[in-house]
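A structural walkthrough
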Amino acid sequence: MPSSPMIGYAHVTKSFGSLRALSDVSLDIAEGEFVAIVGGSGSGKTTLLRLTNRLIEADGGTITVEGEDVRDVDPVALRRRIGYVFQSGGLFPHLSVADNIGITPRLLGVSAADIAARVDELLELVQLDRAAHRDRLPEALSGGQRQRVGVARALAARPRIVLMDEPFGALDPLTRDALGDDYRSLHRKLGLTTVMITHDMTEALLLADRIAVMRGGQLRAQGTPDELTRSGDGYVLELLRTPRRQAERLNALLPQGGAA
Amino acid sequence: MSLLTDPRWGEALAHLPDYLGNHVQVSLAALALGLAVSLPLAILTRNRPAPRGLLLAFASIVQTVPGLALLALFYPLLLAAASVALAWFGVSFSAFGFLPAMLALALYSMLPVLRNGITGLNGIDPALIEAAKGVGMTGRQSLLMVELPLALPVMMAGIRTAAVWVIGTATLSTPIGQTSLGNYIFAGLQTQNWVFVLFGCLASALLALAVDQLLGLIENGLRRRSRLRAALGCIGIAALVAATLVPTMGRSSQGYVVGAKTFAEQYVLSALLRDRLQAAGLSATARSSLGSSVIFEALKAGDIDLYVDYSGTLWANQLHRSDIKPRTELLAELKTALARDNITLLGDLGFENAYALVMPRKRAEALGIRTIADLAAHASTMSIAGDYEFFSRPEWAALQRAYGLSFRAQRQMQPDFMYAAAASGEVDVIAGYTSDGLIAKYDLVALDDIRHAIPPYDAILLLAPKRAGDERLQAALRPLLGKIDIATMREANLRASGNDANSSPDAVAKWLWGKVQQ
């Protein structure tokens, strides 16, 4: 692990009223890493993600992004340099696909011509047909297409970091699988640092380099899939057993190599 | 005569550019002011439940005040503000017509705009507001680029409701001196000119409908994100506004303004005065259907230049006197008192329009009633009707005191309907006007006021302070002084109460001038 992480969480705590959402969470994420934070609802995983670009503020501890304490960075500027993919897209329904994708560059004062060129580039990157989709409104897109636009929008201002809030949760399995793979290759190709939160351990295992498991506001374990299997934590081991059990049952049910 | 070929349609149509233009002007200004106040308030309070609740409660209360009352309230309010402004800053403004009407209507427009504005802004999916923050928008950018555009269709629906309310309620601004499509309705009701009433109703309904449809087109365009519809709606509204406002623009000052209260005799007399001024080469217009307390203040403030009032009315309402004096003494004292306000009492027209207790002649004879004192013995089994102000006027209190009158029931009525109601027996006694031609028409009789509880009501010509030394004006009016006797005025009023083309105030005024010259 490099001496200065891309994103660093040190002893982070956060409460909402009397509810303790995070207690003493420490986690480092290196440049180029794809980290999945796995946990159920109420585990604190979403809170941790939202603290990263100051959508909410921590009560205690320190969060650093690219070596800087986020409290020293203007929150608006911070959010503009970190890509964020929202659950089920979060696209603005009154703006076209192109206007949605170009929103952050527009806020940064990029010229209209440069934005238009960038939008075309991004549509290609997320494999959407330029002519067919550019001027459509989000309501005219399928769920998968919407999430591709969401990814394109997050990448528009060339961020080095992308935060993803259950990005593929609401999609059908085929779309979900394709989108996950496509994003994974974008992550590698662009040299991004990605933090994705998900409740689905299978998805985390298939996409991420490293997995952090959260429960009840605490970080229970972190590491590569291999390292996690050696964790002594019962909850973590139970989470890992489920995908394996499912895989074994599927193996038994489906004839080997018999893909139709 | 068939309704469709009635020449009064043409007469009504001739007023349309003026009435419609003024109607649109005041409605537009009120709506613009209402929006300019309500929309920022809706935006400011969208995340603050406590002030939002207060604001909506205030707007709801305003809404429950009847439109006519709200408009009427703004007149004295502004009058007081104008005198304060004059005392403190040495400048004043007109509390008459446009300003009070616009302010009251603006207040009236606030509720739908506020309610829909707040609903629209609060109804936005919180995930989208978070997304706006997440892509790097400031609070202001989020409001302008995401929240307002998304709330716009709902806001537009509120604006649409407000526009229809304002256009409808603007017809009630006539009595405070704002010309509007209500002029047709008020004048038509008072002179039983149903063509005017119908025309006024149709015109304001069509205007409201057209605006509603055009704003609906814009709302629809915003909702479906169709630029074409929204643009068509905007063009339609702009065209409508331009078409109604252009004919009234660029018109020079109106010259002398002749005021008239809200009954037929006043319409006829104001038309007569206007004609006399025009015949003398002076430019003049009549401003009709003014509330009876508004009209005196308007004269005092110089918003109108002249009108006809009645000595007893001013004696009681302006001088607050309850004693009765013989007519010449009362006139002299009134003249001195008005002069203190720089108002010129030019002289009397020659007839009296007094309140009188009136009942069917046959019934009075059967019961042996000739005087109000005779009536007092039967009053407890009888009902009485009066106009909208009679029962709160000092004369009624004086009558009750002098004769010990106590009726079984009392009702308020549109003055022109009272006589028919008395004739048909629907009420037993009415507080009528002695100059009204309908007394003879329905075979009614005015009972003698033997104890002189009611003061004399000579019709008198009043001039605004700024016209005190205006010799041309006074020369044009003097030929009328003392020339209209009660019989002539009764006949004129009877003619005006008819429901045909010769009964319009203008036509009757011409007839009356003919009689004066004989």
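1. Topic: the overall build of chain A
- The number of helices and strands found in chain A is 11 helices and 10 strands.
- Against the globule reference of 18 Å for 260 residues, chain A gives a C-alpha radius of gyration of 19 Å, in line with a compact fold.
- Taken across its 260 residues, chain A has 42% of its residues classed as buried.
- Looking at chain A alone, contacts between residues at least 24 apart form 69% of all its contacts between residues at least 6 apart.

2. Remarks on the sheet that holds strand 4 (residues 60-65) of chain A
Residue and element names in this part refer to chain A.
- Pairing within the open sheet is antiparallel, and its four strands lie in the order 2-1-4-5. On the outer flanks of this sheet lie strand 2 (19-29) and strand 5 (68-69), each paired with one strand and no other.
- Here five bridges tie strand 1 (residues 7-16) to strand 4, and the two strands are oriented antiparallel to one another. Residue Ile7 lies in a different strand from strand 4, and its bridge partner there is Val65.

3. Focus on the environment of Met413 of chain B
Residues and elements named next belong to chain B.
- Along the chain, Met413 falls in the loop between strand 7 (409-412) and helix 17 (415-423).
- A residue is classified by how many C-beta atoms lie within 10 Å of it, and Met413, with 20 of them, is buried.
- Residues Met413 and Gly386, 27 residues apart in the sequence, show an inter-C-alpha distance of 6.0 Å.
- In this view, Met413 contacts Ala385, Asp387, Met418 and Ala421; residues no more than four positions away in its chain are not counted.

4. Quick notes on the environment of Ile7 of chain A
Residues and elements named next belong to chain A.
- Mapped onto the fold, Ile7 is located in strand 1.
- Judged by C-beta crowding, with 22 C-beta atoms within 10 Å, Ile7 ranks as buried.
- Taking the C-alpha atoms as reference points, Ile7 and Leu27, separated by 20 residues in sequence, lie 8.3 Å from one another.
- Not counting the four nearest positions on each side in its chain, Ile7 is found in contact with Ile29, Thr52, Val65, Ile161, Thr193 and Val195.

5. Overview of the interface of chain B and chain A
- Taken together, the contact pairs 15 residues of chain B with 14 residues of chain A.
- Looking at the side of chain B that touches chain A, the elements that each hand over two or more residues are helix 5 (126-134) and helix 6 (139-169) of chain B.
- Among the elements that take part in the side of chain B that touches chain A, helix 5 of chain B stands out by supplying six residues, more than any other.

6. Examining the packing of helix 2 (residues 49-64) of chain B against helix 4 (residues 98-122) of chain B
Residue and element names in this part refer to chain B.
- Where helix 2 meets helix 4, the axes come as close as 8 Å, and the angle between the chain directions of the two elements is 140 degrees. Between helix 2 and helix 4 lies a crossing whose hand is left-handed. Every residue of helix 4 that contacts helix 2 at Arg52, Leu55, Leu56, Ala59, Ser60, Val62 and Gln63 is listed here: Leu107, Tyr108, Met110, Leu111, Leu114, Arg115 and Ile118.
- The residue inventory of the contact of helix 2 with helix 4, partitioned by class, reads 10 nonpolar, two polar and two charged.

7. Remarks on the pairing of strand 8 (residues 193-198) of chain A
All names here are of chain A.
- In terms of residue burial, strand 8 counts as a mostly covered element, since six of its six residues are buried.
- Note: strand 3 (residues 34-38) against strand 8, five bridges, orientation parallel. Looking at the pairing, Val35 lines up with Val195 of strand 8.
- Summarising the sheet, strand 7 (residues 161-165) and strand 8 pair through five bridges and their orientation is parallel. If you follow Leu163 over to strand 8, its bridge partner there is Val195.
- Taken together, strand 7, helix 8 (residues 173-190) and strand 8 form a β-α-β motif whose crossover is right-handed.

8. Brief notes about helix 16 (residues 394-403) of chain B
Residue and element names in this part refer to chain B.
- Of the residues making up helix 16, those classed as buried are Glu395, Trp396, Ala398, Leu399 and Tyr403. Projection of helix 16 onto a plane perpendicular to its axis shows the buried side chains occupying an angular sector of 160 degrees, all on one side.
- Buried residues in helix 16 make contact with helix 12 (311-317), strand 5 (355-360) and helix 15 (372-376).
- Backbone geometry just after helix 16 places Gly404 at a positive phi near 60 degrees.

9. Focus: the domain arrangement of chain B
Residues and elements named next belong to chain B.
- Looking at chain B, the domain boundaries give domain 1 (23-248), domain 2 (256-351 + 463-517) and domain 3 (355-446).
- Using only C-alpha atoms to locate each centre, domain 2 and domain 3 end up separated by 26 Å.
- With 13 residues of domain 2 at the interface, the matching set in domain 3 holds 13 residues.
- Broken down by element, the side of domain 2 that touches domain 3 gets its largest block of residues, six residues, from helix 20 (residues 486-496).
- Across the side of domain 2 that touches domain 3, the residue classes break down as six nonpolar, four polar and three charged.

10. Comments concerning helix 7 (residues 143-155) of chain A
All names here are of chain A.
- Taking 1.5 Å of rise per residue, 13 residues should cover 18 Å, and helix 7 covers 19 Å from first to last C-alpha, within 8% of that figure.
- Within helix 7, 11 of the 13 residues are buried, leaving the element largely enclosed by the surrounding structure.
- Buried residues of helix 7: Gln145, Arg146, Gln147, Arg148, Val149, Gly150, Val151, Ala152, Arg153, Ala154 and Leu155, and no others.

11. A closer look at the nonpolar core
Residue and element names in this part refer to chain B.
- Leu105, Val166, Val268, Leu306 and Ile430 are the most contacted members of the largest nonpolar core, which has 231 residues in total.
- For this core, the element with the most residues is helix 4, which contributes 14 residues.
- Beyond its immediate sequence surroundings of up to four residues, Ile430 is in contact with Val358, Ile384, Ala385, Gly386, Met418, Tyr419, Ala421 and Ala422.

Rules and cut-offs
Residues numbered from 1 in each chain as written. Chains lettered and ligands numbered in written order. Predicted model: local features only at pLDDT ≥ 70, side-chain atom pairs only at ≥ 80, totals over all residues. Helix = DSSP H or I, 4+ residues; strand = E, 2+ residues; numbered from the N terminus. Rg over C-alpha atoms; globule rule 2.2 N^0.38 Å. Buried ≥ 20, exposed ≤ 12 C-beta atoms within 10 Å, placed from the backbone. Contact = placed C-beta atoms within 7 Å. Pairing = 2+ DSSP bridges. Axes fitted to C-alpha atoms, helices over the stretch in contact; angles between N-to-C directions. Left-handed = near helix turned anticlockwise from the far one by under 90°. Nonpolar A, V, L, I, M, F, W, Y, C, P; charged D, E, K, R; others polar. Right-handed = clockwise from strand over helix to strand, strands pointing away. Arc of directions from axis to C-beta. Domains from an automatic or database assignment. Expected span 1.5 Å × (residues − 1). Core = buried A, V, L, I, M, F, W, Y, C linked by C-beta atoms within 7 Å.

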